[in-house]
Amino acid sequence: MARTRESTIEDYLLSQCRAHGFLCLKFVSPARGGVPDRIVVAPRGTVFVEVKRPGGQLRKLQQLTHAKLRRHGAEVHVVGDKPSVDVFIANLLKTSSDQQGAAP
C-alpha cells in the first residue's frame, strides 16, 4: 500500500482553502526552524497550520515553536490527513459564519 506524502496533504489543504476563499500562504523562516508550514488567512482571523503525513509526529523543535506561538496568542493547528483538513476548514467556516451573524 502506498503511503500518503505530506505534500499530498498540503496540496489538499491549499485546494480547500482556495475553494472557500481563504488565503493559504507558505511560511518559511530561514532564521528560525520549527515554524508551521502554512499561514491561513480567513474572515475569522489568521491561523498557523502544520502539515504532517498520516501518522507523522511533530519534531521537538516544532513542539517548542508551536508552544511559543500559542503563548503569544497565536492559534496553531496540525493536520495529518484529508479528514483533519476537512475538520479544520469546517471549523473556520463555522466560526466565520458565527461572527457574521453576531451583533456589532
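What counts as what
Residues numbered from 1 in each chain as written. Predicted model: local features only at pLDDT ≥ 70, side-chain atom pairs only at ≥ 80, totals over all residues. Heavy atoms only, no water. Pairing = 2+ DSSP bridges. Helix = DSSP H or I, 4+ residues; strand = E, 2+ residues; numbered from the N terminus. Axes fitted to C-alpha atoms, helices over the stretch in contact; angles between N-to-C directions. Contact = heavy atoms within 4.5 Å.

(A) Examining the sheet that holds strand β1 (residues 23–26) more closely. Taken together, the four strands give an open sheet; going across it, the order is β1-β2-β3-β4, and neighbouring strands pair in mixed fashion. In this open sheet, the two edge strands, each paired with only one partner strand, are β1 and β4 (76–79). The mean angle between the axes of side-by-side strands here comes to 30 degrees, regardless of whether they run parallel or antiparallel. Pairing of β1 with strand β2 (residues 38–42), which is carried by four bridges, proceeds in the antiparallel orientation. When the bridges of β2 are listed, Cys-24 appears paired with Val-40. Along the sheet face, helix α2 (residues 60–71) touches β3 (45–51) and β4 and points at about 145 degrees away from the line of β4.

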